[in-house]
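Single-letter residue listing:
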Amino acid sequence: MANIFVGISNLLGSLIAMVLMDKVGRKLLLLWSFIGMALAMALQVGATSSYLPHFSALCLSVGGTLVFVLTFALGAGPVPGLLLPEIFPSRIRAKALALCLSVHWVINFFVGLLFLKLLEQLGPRLLYSMFSTFCLMAVMFVKRNVIETKGKTLQEIEISLLAKP
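Residues numbered from 1 in each chain as written. Predicted model: local features only at pLDDT ≥ 70, side-chain atom pairs only at ≥ 80, totals over all residues. Heavy atoms only, no water.

In the annotation of an unreviewed UniProt entry, the entry for the protein chain reads Major facilitator superfamily (MFS) profile domain-containing protein, and the organism field reads Brassica cretica. Check the Subcellular location (unreviewed entry) section of the UniProt entry for the protein chain; it says "Membrane". (UniProt positions renumbered as here; feature names shortened; annotations may be inferred.)

Topic: the overall build of the protein chain
When helices and strands are tallied, the protein chain shows 7 helices and 0 strands. Listed by position from the N terminus, the elements making up the protein chain come as α-α-α-α-α-α-α. In the protein chain, of all internal contacts separated by at least 6 residues, the share reaching a separation of at least 24 is 73%. Element-wise, carbon and sulfur atoms account for 74% of the exposed surface of the protein chain, whose accessible area totals about 10700 Å². Distance from the positive charge centre (13 side chains) to the negative charge centre (6 side chains) of the protein chain: 5 Å. (Helix = DSSP H or I, 4+ residues; strand = E, 2+ residues; numbered from the N terminus. Contact = heavy atoms within 4.5 Å. Areas by Shrake-Rupley, 256 points an atom, 1.4 Å probe, with all protein chains shown as cover. Lys, Arg positive; Asp, Glu negative; His and termini not counted. Charge placed at Lys NZ, Arg CZ, Asp CG, Glu CD.)

Regarding the UniProt feature "transmembrane region" (unreviewed entry) in the protein chain
Mapped onto this structure's residue numbering, the UniProt feature "transmembrane region" (unreviewed entry) falls at residues 6-21, 28-49, 55-84, 96-119 and 125-142. Secondary structure within residues 6-21 divides into 100% helix and 0% strand; the distance between the first and last C-alpha atoms comes to 22 Å. Along residues 28-49 the backbone is 91% helical and 0% strand, and the end-to-end C-alpha distance reaches 32 Å.

As for the pattern of salt bridges
All told, the structure shown has 2 salt bridges when counted by the stated rule. Measuring nitrogen to oxygen at the nearest pair gives 2.8 Å for the salt bridge that ties aspartate 22 to arginine 26. Look at aspartate 22 and you get exposed, because its relative accessible area is 56%. Given the relative accessible area of 5%, arginine 26 is considered buried. Here glutamate 86 ties to arginine 26 by a salt bridge, and the two come within 2.9 Å at their closest N and O atoms. Pair noted here: glutamate 86 is in helix H4 (residues 79-87) and arginine 26 is in helix H2 (residues 26-47), with a separation of 60 residues, a long-range link. As far as burial versus exposure is concerned, glutamate 86 and arginine 26 are alike and both buried. Here the salt bridges share partners, and the residues they tie into one network are Asp22, Arg26 and Glu86. (Salt bridge = Lys/Arg side-chain N within 4 Å of Asp/Glu carboxyl O. Buried < 20%, exposed > 50% of the residue type's maximum accessible area, 1.4 Å probe, protein only.)

Structure, rendered in structure tokens:
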């Protein structure tokens with residue numbers, strides 16, 4: 001059942017992102033995605049509370065996982081694949097995209113590889129708090145550094161990036 005609900009959350013988030021990507025823009029989807037992911041991790045931290053009855057903690061944990069998958073699928077999952085090719089100049093686009101996506105998948109590999117060991121050593125409260133903090137840092141990064149590319153040509157995007165100090 002868990003896999004079915006995770007799949008539904010992922011599919012639902014992806015479909016919503018597909019509809020909203022060109023309506024609200026990439027930057028807004030990224031911002032709300034990282035905020036949602038941070039809140040989902042906060043639910044996971046809350047689920048570790050010893051003051052909650054077991055069933056409530058279970059519901060918070062499952063809910064946090066589903067919210068995380070949904071909000072990831074809304075922005076942090078699909079947006080980089082669309083945004084990265086838009087922000088690199090055409091002369092380096094293929095190589096830069098290959099490098100970015102390679103780094104992404106290598107880091108993803110290490111997160112998956114180390115997650116259970118970190119969970120065991122740090123405990124869920126600290127680990128999910130760290131994940132939440134990284135999501136909030138991503139919000140600040142996106143606000144400060146990511147430009148909106150919705151409705152712009154590749155040439156307009158390149159000019160706006162070159163004009164930045």
